[in-house]
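Descriptive structure summary
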Amino acid sequence: MAHKENFKRAFEKLKVKEAPIVKETIMKRCSWSHQTFSHKKEGKRGFSLEETDIVEITFRAFGIDAWSGEDILIA
C-alpha cells in the first residue's frame, strides 16, 4: 500500500469533470477549507482516521485508489 502522505497522484488521474466533484465532496465531508484541501493533497498536513476513510471512499467511487492513483475495480 502506498504511503498516505498525499493524494495528489490520484487527484491528477480524475477526469476534468470529476475533479471538482471529488474536491467539493471531500471538503464538505471533512469540513476543510480550500487551503486545507491543498495542503492535504500536497502532503503538507496529515490525516485523521476519519479523513482517511472519507478520502478513500470518495476516490473509490470513481474507481481510483486514493493513495497510489491506480485504477481499482468498482463492485
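The notes below deal with the structure included here. (Residues numbered from 1 in each chain as written. Predicted model: local features only at pLDDT ≥ 70, side-chain atom pairs only at ≥ 80, totals over all residues. Heavy atoms only, no water.)

1. Side note on the packing of aromatic side chains
Tallied over the full model, the rule gives seven aromatic pairs. Between F7 and F47, the ring centres sit 6.0 Å apart and the planes meet at 55°, which makes this aromatic pair tilted. Placement of the pair is F7 in the segment before α1 (8-13) and F47 in the loop between α3 (34-42) and α4 (49-60), with a sequence separation of 40 residues. The exposure class of F7 is buried, given its relative accessible area of 0%. An aromatic cluster is defined as three or more aromatic residues linked by ring pairs; in this entry it consists of F7, F11, W32, F37, F47, F59 and W67. Its guanidinium or amino end placed over the ring of F47, K40 lies 5.2 Å from that ring's centre, counting from NZ or CZ. (Phe/Tyr/Trp six-rings, centres within 6.5 Å; stacked < 30°, edge-to-face > 60°. Helix = DSSP H or I, 4+ residues; strand = E, 2+ residues; numbered from the N terminus. Buried < 20%, exposed > 50% of the residue type's maximum accessible area, 1.4 Å probe, protein only. Lys NZ or Arg CZ within 6 Å of the ring centre and 35° of its normal.)

2. Some remarks on the nonpolar core
Ranked by internal contacts, the top residues of the largest apolar core, which has 18 residues, are F7, F11, I26, W32, V55 and F59. Looking at this core, the elements with two or more residues in it are α1, α2 (19-30) and α4. Sort the elements by how many residues they give to this core and α2 lands first, with five residues. Setting aside chain neighbours within four positions, we find F59 in contact with F7, A10, F11, L14, V22, I26, I64 and A66. (Core = buried A, V, L, I, M, F, W, Y, C linked by side-chain atoms within 4.5 Å. Contact = heavy atoms within 4.5 Å.)

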